[in-house]
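The chain contents come next:
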Amino acid sequence: MIALVTGASSGIGRDIARSLARHGINVILTARRRDRLIELKNELVDKYGVKAMCITADLSKENQVFALYEKVRKYNIDILINNAGYGVFGDFAETDLERELDMLDVNVKAFHILFKLFLRDFRRRDCGYILNTASMAGFIPGPWFSSYYASKGYIVRMTEAVAEELRSKKSHVHVSMLCPGPVATEFGETARVKFLTAAYPSEKLAEHAVREMFGGTLLITENKATKALLLAAKLIPDRVQAFAAGLFQSKREKF
């Protein structure tokens, strides 16, 4: 088997690539930082004996998203880890518009393009796995993190809808969405904000996510308690959720 992992240079993407390699799966790694990709590639080849390839791409650029697909389609990818993304923190009226649009290009547009193109390939072959990295943020409104929460909500709803389409057609293609709480990655540094709660280990989350993906689980979180919390959130009015989330987010420290 061979997997394409986007956002593989750090955090969840990097650790999912490690988990896949540990399971004997060959990987194609893509991100903007080539030096990190090469370092990871060498680690996976030396440690696990798998084949690995690096493709540098900036997924905020639509032409590079399509170019990435064209470069890898000949390998008959079996697994798409649709993971690239980041956040922008702050009052919506004050955050930098260009940075937000760049984020939406990665979190929404690149996600959408790769999801659709690989899904078409997988459906033709009637096999394959897609893991979309969302967040528990995708289930609630997020004052002071509004565009990021909204982008993750897009991923949640798209994945849920496509999963139902596949189920209705009795397809053997499996889609999953990874929706954790705070994870120990560089996310906070990129978003320029500090977490208020302890972050879950990225390595542990990645291994769990890979196992759940192969098990056909739609909603994947770090533990059953978080999954129960996300399901319970659907019963709470959105205005109450927004108020509670706003209180929490407003206490974050920017840097």
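Every chain is numbered independently, its residues counted from 1 as its sequence is written. Predicted model: local features are reported for residues with pLDDT of at least 70 only, side-chain atom pairs are reported and counted for 80 or more only, and whole-chain, interface and lining totals are derived from all residues. Values shown for side chains rest on all heavy atoms present in the structure; no hydrogens or waters enter the calculation.

Here we look at the overall build of the chain
In this text, helices come from DSSP runs of H or I with a minimum length of four residues, and strands from runs of E with a minimum of two, each type numbered from the N-terminal end. Looking only at helices and strands, the chain features nine helices and nine strands. Accessibility here uses a 1.4 Å probe with only protein chains present; expressed as a share of the type maximum, an area under 20% marks a residue as buried, one over 50% as exposed, and anything in between as partly exposed. Within the chain, the proportion of its 255 residues that are buried is 50%. We call two residues in contact when some of their heavy atoms are within 4.5 Å. For the chain, long-range pairs separated by at least 24 residues make up 70% of all intrachain contacts whose partners lie at least 6 apart in sequence. For accessible areas, the Shrake-Rupley method is used with a probe of radius 1.4 Å. Any residue's cover is judged against the shown protein chains and nothing else. For the chain, the exposed area adds up to about 12,500 Å²; of that, 54% sits on carbon and sulfur atoms.

Things to note about the environment of Leu 117
For Leu 117, the location among the structural elements is in helix 4 (residues 97-125). When the C-alpha positions of Leu 117 and Glu 70 are compared, they lie 10.0 Å apart, and in sequence the two are 47 residues distant. When sequence neighbours within four positions are dropped, the list of residues in contact with Leu 117 reads Phe 66 and Tyr 69.

Describing the packing of helix 1 (residues 11-22) against helix 2 (residues 34-48)
In contact at an axis separation of 10 Å, helix 1 and helix 2 are set at 20 degrees when each is read in the N-to-C sense. Taken together, the axes of helix 1 and helix 2 lie roughly parallel to each other. Our pair here, helix 1 against helix 2, has a crossing hand that is right-handed. Within the contact between the two elements, helix 1 uses Arg 14, Ala 17, Arg 18, Ala 21 and Arg 22 and helix 2 uses Leu 40, Glu 43, Leu 44 and Tyr 48. Lys, Arg, Asp and Glu make up the charged group, whereas Ala, Val, Leu, Ile, Met, Phe, Trp, Tyr, Cys and Pro make up the nonpolar group; the residues left over, Gly among them, are polar. By residue class, the composition of the contact of helix 1 with helix 2 is five nonpolar, no polar and four charged. Only C-alpha atoms enter the line fits that serve as axes; for helices the fit covers just the stretch in contact. Angles between N-to-C directions range over 0 to 180 degrees. Roughly parallel covers angles under 35 degrees, roughly antiparallel covers those over 145, roughly perpendicular covers 65 to 115, and oblique covers all other angles. Handedness of a crossing is defined here by the sense of rotation of the near helix relative to the far one, left-handed for an anticlockwise turn of less than a right angle and right-handed for a clockwise turn.

Notes on the environment of Val 108
Structurally, the position occupied by Val 108 is in helix 4. Separated by 42 residues in the primary sequence, Val 108 and Ala 150 place their C-alpha atoms 9.5 Å from one another. If we ignore the near neighbours within four places in the chain, the residues touching Val 108 are Met 103, Ser 151 and Tyr 154.

Points about the nonpolar core
Nine residue types can take part in a nonpolar core, namely buried Ala, Val, Leu, Ile, Met, Phe, Trp, Tyr and Cys, and a core is a set of them joined through side-chain atoms within 4.5 Å. Ranked by size, the top nonpolar core spans 45 residues in total, and within it Leu 4, Leu 59, Val 72, Ile 77, Phe 118 and Cys 179 carry the most contacts. Secondary structure elements with two or more residues in this core: strand 1 (2-6), helix 3 (62-72), helix 4, helix 5 (146-168) and strand 6 (173-178). If one sorts the elements of this core by residue count, helix 4 sits on top with 11 residues. If we ignore the near neighbours within four places in the chain, the residues touching Ile 77 are Ile 2, Ala 3, Leu 4, Ile 28, Val 72, Phe 118, Phe 122 and Arg 125.

What to know about the sheet that holds strand 3 (residues 52-56)
Pairing between two strands is assigned when DSSP locates at least 2 bridges connecting them. If you walk across this open sheet you meet the seven strands as 3-2-1-4-5-6-9, and the pairing is parallel. Pairing within the sheet leaves two strands with one partner each, and these edge strands are strand 3 and strand 9 (219-220). The sheet contact formed by strand 1 and strand 4 (residues 79-82) spans three bridges and is parallel. Across the sheet, Ala 3 pairs through a bridge with Ile 79, a residue of strand 4. Helix-sheet contacts for helix 4 involve strand 1, strand 4, strand 5 (128-133) and strand 6, and the interaxial angle to strand 4 is about 170 degrees.

Some points on the pattern of salt bridges
Salt bridges are defined as contacts in which a side-chain nitrogen from Lys or Arg sits within 4 Å of a carboxyl oxygen from Asp or Glu. A full pass over the atoms with the stated rule returns 12 salt bridges. With a closest N to O distance of 2.9 Å, Arg 18 and Glu 43 form a salt bridge. You can see Arg 18 sitting in helix 1 and its partner Glu 43 sitting in helix 2, a full 25 residues away along the chain. Judged by its relative accessible area of 25%, Glu 43 falls in the partly exposed class.

Overview of the side chain of Asn 132
Inspection of the secondary structure assignment puts Asn 132 in strand 5. Side chain to side chain, Asn 132 and Thr 159 meet in a polar contact 3.0 Å long. Not counting the four nearest positions on each side in its chain, Asn 132 is found in contact with Asn 82, Phe 111, Phe 115, Ile 155, Thr 159, Ser 176, Met 177 and Leu 178. Two N or O atoms form a polar contact when they lie within 3.5 Å of each other; inside protein one atom must be a possible hydrogen donor and the other a possible acceptor, and for residues adjacent in sequence the pair counts only when both atoms belong to side chains.

Observations regarding a nonpolar patch on the surface
Patch definition: residues with relative accessible area over 30% and no salt bridge; like charges joined within 9 Å; nonpolar side chains (Val, Leu, Ile, Met, Phe, Trp, Tyr) joined within 5 Å. A cluster of nonpolar side chains, Leu 97, Leu 101 and Leu 104, forms an exposed patch at the surface whose accessible area comes to about 240 Å². Inspection of the secondary structure assignment puts Leu 104 in helix 4.

A closer look at unusual backbone geometry
Phi is positive for Asn 76, close to 50 degrees, though the residue is something other than glycine. The residue Asn 76 is located in the loop between helix 3 and strand 4 in this model. The backbone of Lys 170 sits at a positive phi, close to 55 degrees, despite the residue not being glycine. With respect to the element layout, Lys 170 can be found in the loop between helix 5 and strand 6.

In short, shape yes, function no, at least from these values alone.
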